[in-house]
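# Fold and contact review
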Amino acid sequence: MVVLLDAGNTNVKLAYVTDDDEIKRLTLADFYQSITSVDKLIYGSVNDSSELKEILTACIDNNITVKKVEVTPSFNNLICGYNVVANLGVDRWLATIGARLTYSENILIIVDAGTAITLDICINQEHKGGWIAPGLMLMQQSIIDKAPGVFTNESINSEIFGTDTPSALFHGSLYALVAMIEKGVELAKKLANEDECSLSIILTGGDAAILNSHLSLNSDVNHDLVFLGLQQFI
Ligand SMILES: Nc1ncnc2c1ncn2[C@@H]1O[C@H](COP(=O)(O)OP(=O)(O)OP(=O)(O)O)[C@@H](O)[C@H]1O
Ligand SMILES: CC(C)(CO)[C@@H](O)C(=O)NCCC(=O)O
Ligand SMILES: [K+]
C-alpha cells in the first residue's frame, strides 16, 4: 500500500492510493493499525512536527520506503513561479500540481484555506505566484489576543453585518478572505491579459466549504489537491 502524507501547520493528513488509483483518507490510528501493509510513504511538509517525526520513525522501523517531496523549478511542463523555489511552501506547490492535472481551464485560482490561507495563480503551465494571509480562525484569534474588548462565540455569530461582537468579527474575517479571492480572480485575469480565457477557482483546506458558500463566483471544493500532487511522485 502507498500512503500519502501532508504535514500542515497544525495537522498531519494521511491518505492511501487504492488499486484503482483513487485517493482515500486514512486516520492516524488506521495508519498505525495497518502499518505492516504499507510499502511506501510519500510526503510533503511545511512543519516538521513531533507527530511527523514519530510517523517517519515508525516507517523506518517497518522498512517502509520514505520519499520527501520538495519544490523544484519545474514539474513535467509546469513551471514554478518563485525565484527561490525552496521558499515556496511545498503544500502550495503540490496543490498547484494537483489542480493543474485535474482542471483544464487556462487560469486556475488555487486557494488553500487552513491555518494560513494561500492563493496561487496558475496560467496555462506557469505558476505565477500568489498570496499568503492568516486563515479564518487565526484572523479572528489575532484580534482577540490584541484587543481586550473583542471576543468570539460560535453559537451567536449569524448576522452578516454584526450588531454583536462575535458576528462582526466572524463576518469581517470571512468577507476579508472572500474579497481576497475575488480580487485574486480580477488581477489574475488582468495578468493573463485575455478576457476569453477560461478560469476555475478551486478551494481546499478546512475552510473551503464556508468560503465556497459565500463567494459570488463559481468555485469548486476539492479536498484532495495536495494528495493529487503527492500521487504524482509515486
Ligand atoms: N473542528 C475544527 N477544528 C479546527 N479547525 C476547524 C474546524 N472546523 C473548521 N476549521 C477551520 O479549518 C481551519 C484549518 O484548516 P485545515 O484543516 O486545512 O488546517 P491545517 O492542517 O492547519 O492547515 P494547514 O494546511 O495550513 O496546516 C481553521 O482555520 C478553522 O477555521
Ligand atoms: C504559507 C504556508 C504556511 C501555508 O501552509 C506554507 O505554504 C509555507 O510555510 N510556505 C512558505 C512560504 C511561502 O510559500 O512563500
Ligand atoms: K490546508
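Note that the structure is predicted; figures quoted are calculated from it, not measured. Going along each chain's sequence as written, the residues are numbered from 1 onward. The naming scheme follows written order: chains are lettered A onward, ligands numbered 1 onward. Local features in this predicted model are restricted to residues of pLDDT 70 or higher, and side-chain atom pairs are both shown and tallied only at a pLDDT of 80 or more, whereas totals for entire chains, interfaces and linings draw on every residue. Working from all heavy atoms in the structure, the side-chain values ignore hydrogens and water.

### Observations concerning the domain arrangement of the protein
According to the domain assignment, the protein contains domain 1 (2-68) and domain 2 (74-136 + 166-231). Just so you know, the domain bounds were taken from an automatic or database domain assignment. One C-alpha centre belongs to domain 1, the other to domain 2; they are set 25 Å apart. In what follows, a contact means two residues having at least one pair of non-hydrogen atoms within 4.5 Å. The interface is formed by 17 residues belonging to domain 1 together with twelve residues belonging to domain 2. Buried area is understood as the total, over both parts, of accessible area removed when two parts are fitted together, assessed with a 1.4 Å probe. Both faces considered, domain 1 and domain 2 share a buried interface measuring about 1,100 Å² in area, 65% of it formed by carbon and sulfur atoms. Considering only the surface of domain 1 that becomes buried against domain 2, Asp6, Ile23 and Arg25 emerge as the three largest contributors, covering 39% of it. For salt bridges, the criterion is a side-chain nitrogen of Lys or Arg within 4 Å of an Asp or Glu carboxyl oxygen. Here arginine 25 makes a salt bridge to aspartate 224, at a shortest N to O gap of 3.9 Å.

### Some details on the site of ligand 1
Neighbouring residues of ligand 1: 13 residues in total, closest Asn9, Thr10, Lys13, Thr115 and Asp207. Polar contact is the term for a pair of N or O atoms within 3.5 Å; when the atoms are in protein, one must be able to donate a hydrogen and the other to accept it, and sequence-neighboring residues count only if both atoms are side-chain atoms. In this structure, an oxygen atom belonging to ligand 1 sits 3.0 Å away from a main-chain N or O atom of glycine 206. Within the contact set of ligand 1, an oxygen atom lies 2.7 Å away from a side-chain nitrogen or oxygen of aspartate 207. Throughout, the Shrake-Rupley method with a 1.4 Å probe supplies accessible areas, and for residues the shown protein chains are the sole cover considered. For ligand 1, whose free accessible area comes to 630 Å², the fraction covered by protein is 66%. The class makeup of the residues in the shell around ligand 1 is three nonpolar, eight polar and two charged. Inspection of the shell around ligand 1 shows a minimum of three residues originating in each of domain 1 (2-68) and domain 2 (74-136 + 166-231). Nearness is judged by heavy atoms alone; a residue qualifies as near a molecule or strand once a single heavy atom is within 4 Å of it. Residue classes follow a fixed rule: Ala, Val, Leu, Ile, Met, Phe, Trp, Tyr, Cys and Pro count as nonpolar, while Asp, Glu, Lys and Arg count as charged, and any other residue, Gly among them, counts as polar.

### A look at the pairing of strand E11 (residues 199-204)
The buried fraction of E11 is high, at five of six residues. Of the pairings in the sheet, the one linking strand E8 (residues 107-113) to E11 comprises six bridges and is parallel in character. In the strand pairing of E11, aspartate 112 is matched with threonine 204. DSSP-based pairing: two strands are paired if at least 2 bridges between them are found. Helix numbering and strand numbering both begin at the N terminus, where a helix is a DSSP run of H or I of at least 4 residues and a strand a DSSP run of E of at least 2. Here E11 pairs with strand E12 (residues 220-221) via two bridges, running parallel. Each residue gets one of three labels from its accessible area relative to the maximum for its type: buried under 20%, exposed over 50%, partly exposed in between, using a 1.4 Å probe on protein chains only.

### Looking at the site of ligand 2
Neighbouring ligand 2 are the residues Asn9, Val46, Tyr82, Asn87, Leu88, Gly89, Asp91, Arg92, Thr118 and Ile132. Taking glycine 89, its main chain carries an N or O atom lying 2.9 Å from an oxygen atom of ligand 2. Protein contact buries 74% of the 380 Å² of open area that ligand 2 shows by itself. Broken down by class, the residue content of the shell around ligand 2 amounts to four nonpolar, four polar and two charged.

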